[in-house]
Amino acid sequence: MTIELLYDLYQRYPSVQTDTRQLKQGDLFFALKGPNFNGNAFALRALELGAAYAIVDEPVVSPSVSATPVANDRIIQVHDVLFTLHQLALYHRRHFDIPFIAITGSNGKTTTKELIHAVLASTFQTYTTKGNLNNHIGIPLTILSVHRDAEFAVIEMGANHQKEIEGYCRYTLPTHGIITNIGRAHLEGFGGVDGVRKGKGELYDYLRDEGGSAFVFRDSEDLRQMSRGIPHIITYGTADADVVGKVAPSEDSFLHVEITRGAIAGVVPTQLVGDYNLPNVLVAVAVGKHFGVSDAKIRQAITQYTPSNSRSQLIERDGNHIILDAYNANPSSMRAAIENFARLATDGGEKVLVLGAMAELGPESVNEHRGIVELIGEYPWAQVVLVGGDFLKVEHPYLSFANSAEAAKWYGGAGLKGAWVLIKGSRSSRMEEVLARTPGVS
């Protein structure tokens, strides 16, 4: 079947699903496969559950008649389901003449995406990546979720190796791009920091070649150098930028931002914890201003945005103040979180660190964990708990647990009252379970 004919089906059934557990009546089911799963085996089940069609790349056999291929007009066999999904997303993308804003970077992608979406959605019909679906499956599904009434699309792109962002750009066709930062993340896959710079920079390369626009953090020497040659650059930062702002003093634990140039004169309160979120707020302001969102709506959108899904969430529980930042971690974000927490005014409340191991750091992993331990030692803490991974391979004087379940038992019996607690770690460390396993915490 040609992409044109498949697109005709998609227009009749404009909802795509790759997981039968989330299937809705009338979905198109794409039978993806990987090292540990094969969606082709679920094609018949998808049809039973109400899928309009199942797109497969292997013959579908009847479970009752061994090795007998099923003849069904609602089963469409293609050469490669994933490639077909990408091609369908590209075909759909070509029907839009609107800004497609791509966001990548080592840290802060999702928060930046959500802030920008909030700002643009205050004025325009805006579609964006749901949650953290920012990979080779999530990105095409996001594109296919953009309806014809769209005025903007905001697409988050994650990557852990070179050429990945380049591949995403081929079917996303971004008109605008943002690299939040270049940090020490996914070092194993990228082959070091230079590899991270090259891999993330593939977004800038695309924009440069295609005459696109970039929103560039002026404070970053890396990003200033990497973005050279892009035809249209809008800058944001703490000085000498189109939009300038700084962290403002506040009487609470949340980030307050003072915009001093380019938009929204005055202080904008946020519900984000951590000074490291300043660039994320500034780029949302810059994007909104560039596309004509009013200052009042920009301010309201940023002020009302509430982080979720274990990203810089402030949780008040049992008299304690818990900063839950457990969705992801790498050396750059871990250092920023620790340093910000060390500076945080707590009115005498003791500070407790509960940190999970960092993943995908390759040969540098033990040294990176050792560096975090050394950083911890530069500040006074009431207690420090280190959990799992290569923290177990580093000598340190702190409490140590093999996993988050053990840490949860400790937390449940620690009797903390009036404390400030930072919980952070890589997704694989499952540090949110430190709270989820505690009685009375959901």
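Note that the structure is a prediction, hence the values are computed from the model and not measured.

Rules and cut-offs
Residues numbered from 1 in each chain as written. Predicted model: local features only at pLDDT ≥ 70, side-chain atom pairs only at ≥ 80, totals over all residues. Heavy atoms only, no water. Pairing = 2+ DSSP bridges. Helix = DSSP H or I, 4+ residues; strand = E, 2+ residues; numbered from the N terminus. Axes fitted to C-alpha atoms, helices over the stretch in contact; angles between N-to-C directions. Contact = heavy atoms within 4.5 Å. Salt bridge = Lys/Arg side-chain N within 4 Å of Asp/Glu carboxyl O. Polar contact = N/O pair within 3.5 Å; in protein donor to acceptor, adjacent residues only side chain to side chain. UniProt positions renumbered as here; feature names shortened; annotations may be inferred. Parallel < 35°, antiparallel > 145°, perpendicular 65-115°, else oblique. Left-handed = near helix turned anticlockwise from the far one by under 90°. Nonpolar A, V, L, I, M, F, W, Y, C, P; charged D, E, K, R; others polar. 1 Å grid on protein atoms, 1.4 Å probe; cavity = no way out; pocket = protein on both sides within 12 Å on 5 of 7 lines; lining within 4 Å. Points joined across faces, edges and corners; volume = space filled by probe spheres on them. Phe/Tyr/Trp six-rings, centres within 6.5 Å; stacked < 30°, edge-to-face > 60°. Buried < 20%, exposed > 50% of the residue type's maximum accessible area, 1.4 Å probe, protein only. Lys NZ or Arg CZ within 6 Å of the ring centre and 35° of its normal.

J.: Any chance you could break down the sheet that holds strand β7 (residues 100-104) for me, citing the residues and the numbers?
T.: As summarised here, the arrangement of the nine strands in space is β8-β9-β7-β10-β11-β12-β13-β14-β15, forming an open sheet in which the pairing is mixed. Either end of the sheet is taken by a strand with one partner, and the two such strands are β8 (126-128) and β15 (266-269). With strand direction ignored, the average angle separating the axes of adjacent strands in the sheet is 20°. By the bridge criterion, four bridges tie β7 to strand β9 (residues 152-156) in an arrangement that is parallel. Across the sheet, the residue bridging to Ala 102 is Ile 155, located in β9. Docked against the sheet, helix α4 (residues 109-121) engages β7, β8, β9 and β10 (176-179), running at close to 170° with respect to β9.

J.: So what's going on with the pattern of salt bridges? Residues and values would help.
T.: With the rule as written, the count across this model stands at 19 salt bridges. Note that Lys 246 is salt-bridged to Glu 258, the shortest N-O span being 4.0 Å. Of this pair, Lys 246 sits in strand β13 (residues 243-248) while Glu 258 sits in strand β14 (residues 256-261), and the two are 12 residues apart along the sequence. Salt bridges here are not isolated pairs; linked through shared partners, they connect Lys 33, Asp 57 and Glu 58.

J.: Give me the lowdown on the pairing of strand β12 (residues 232-237), citing residues and values where you can.
T.: Successive residues of a regular strand alternate their side chains across the two faces of the sheet. In the sheet, strand β11 (residues 213-217) pairs with β12 via five bridges, with the strands oriented parallel. Residue pairing across strands places Phe 217 opposite Tyr 236, the latter belonging to β12.

J.: How would you explain the side chain of Asp 390 if you had to name every residue and give the values?
T.: Tracing the chain through its elements places Asp 390 in the loop between β19 (383-387) and β20 (399-401). A polar side-chain atom of Asp 390 sits 2.4 Å from a polar atom in the side chain of Ser 365. Among residues more than four places away in sequence, those in contact with Asp 390 are Ala 357, Ser 365, Val 366 and His 369.

J.: Hey, could you go over the UniProt feature "binding site: ATP" (unreviewed entry) in the protein chain for me, with residue numbers and the actual values?
T.: The feature "binding site: ATP" (unreviewed entry), as given by UniProt, occupies Gly 105, Ser 106, Asn 107, Gly 108, Lys 109, Thr 110 and Thr 111 in the numbering adopted here. Ignoring sequence-local partners within four residues, the contact set of Gly 108 consists of Thr 180 and Asn 280. Along the polypeptide, Thr 110 turns up in helix α4. In this structure, Thr 110 is in contact with Gly 131, Asn 132, Glu 156 and Arg 311, ignoring residues within four places of it in sequence.

J.: I'd like a rundown of the sheet that holds strand β1 (residues 16-17), residues and numbers included.
T.: Strand order across the open sheet formed by four strands is β1-β2-β5-β6, with parallel pairing between neighbours. In this open sheet, the two edge strands, each paired with only one partner strand, are β1 and β6 (75-77). Across the sheet, helix α3 (residues 81-93) is in contact with β1, β2 (28-30) and β5 (53-56); its angle to β2 comes to roughly 130°.

J.: Tell me about the environment of His 232, residues and numbers included.
T.: Tracing the sequence through the fold places His 232 in strand β12. Spatially, the C-alpha atoms of His 232 and Leu 6 are 36 Å apart, while their sequence positions differ by 226 residues. In this view, His 232 contacts Gly 211, Gly 212, Ser 213 and Ala 214; residues no more than four positions away in its chain are not counted.

J.: Please set out the packing of helix α11 (residues 278-290) against helix α12 (residues 295-304) residue by residue, giving values where relevant.
T.: For the pair α11 and α12, the least separation of the axes is 10 Å and the interaxial angle reads 150°. Judged by the inter-axis angle, α11 sits roughly antiparallel to α12. Seen from above, α11 lies across α12 with right-handed handedness. Here α11 contributes Val 281, Ala 284, Val 285, Gly 288 and Lys 289 to the contact with α12, which in turn contributes Asp 295, Ile 298 and Ile 302. When the residues that make up the contact of α11 with α12 are grouped by side-chain class, the tally is five nonpolar, one polar and two charged.

J.: Account for the layout of surface pockets, with residues named and values stated.
T.: Roughly 690 Å³ of internal volume is contained in the second largest pocket. The element best represented in the lining of the second largest pocket is helix α5 (residues 138-144), accounting for four residues. Tallied by class, the residues present in the lining of the second largest pocket amount to nine nonpolar, 13 polar and three charged.

J.: Talk me through the packing of aromatic side chains; I want residue IDs and the actual numbers.
T.: What the rule picks out here adds up to 12 aromatic pairs. Ring centres of Tyr 7 and Tyr 10 lie 5.4 Å apart, and the angle between their planes is 35°; this geometry places the pair in the tilted category. With Tyr 7 and Tyr 10 both in helix α1 (residues 3-12) and three residues apart, this pair spans about one turn of that helix. Accessibility expressed as a relative area gives 2% for Tyr 7, which makes it buried. Look at Tyr 10 and you get buried, because its relative accessible area is 4%. Note on Phe 341 and Trp 381: the rings are 5.8 Å apart at their centroids and 10° apart in plane angle, and the pair reads as stacked. One end of the pair, Phe 341, is in helix α13 (residues 331-343); the other, Trp 381, is in the loop between α14 (365-376) and β19, with 40 residues separating them in the sequence. Both residues of the pair, Phe 341 and Trp 381, belong to the buried class. Through a chain of ring-to-ring contacts, three or more aromatic side chains come together here, namely Phe 124, Phe 152, Phe 215 and Phe 291. Just above the ring of Phe 100 sits the side chain of Arg 93; from NZ or CZ to the centre is 3.8 Å.

J.: Can you break down the environment of Thr 112 residue by residue, with the values?
T.: Summarising the element assignment, Thr 112 is placed in helix α4. As for Thr 112 and Val 281, which are separated by 169 residues in sequence, their C-alpha atoms are 7.2 Å apart. Ignoring any residue separated from it by four or fewer positions in sequence, one finds Thr 112 in contact with Ile 103, Thr 180, Asn 280 and Val 283. Looking at Thr 112, its side chain comes within polar contact range of the main-chain oxygen of Gly 108, at 2.8 Å.

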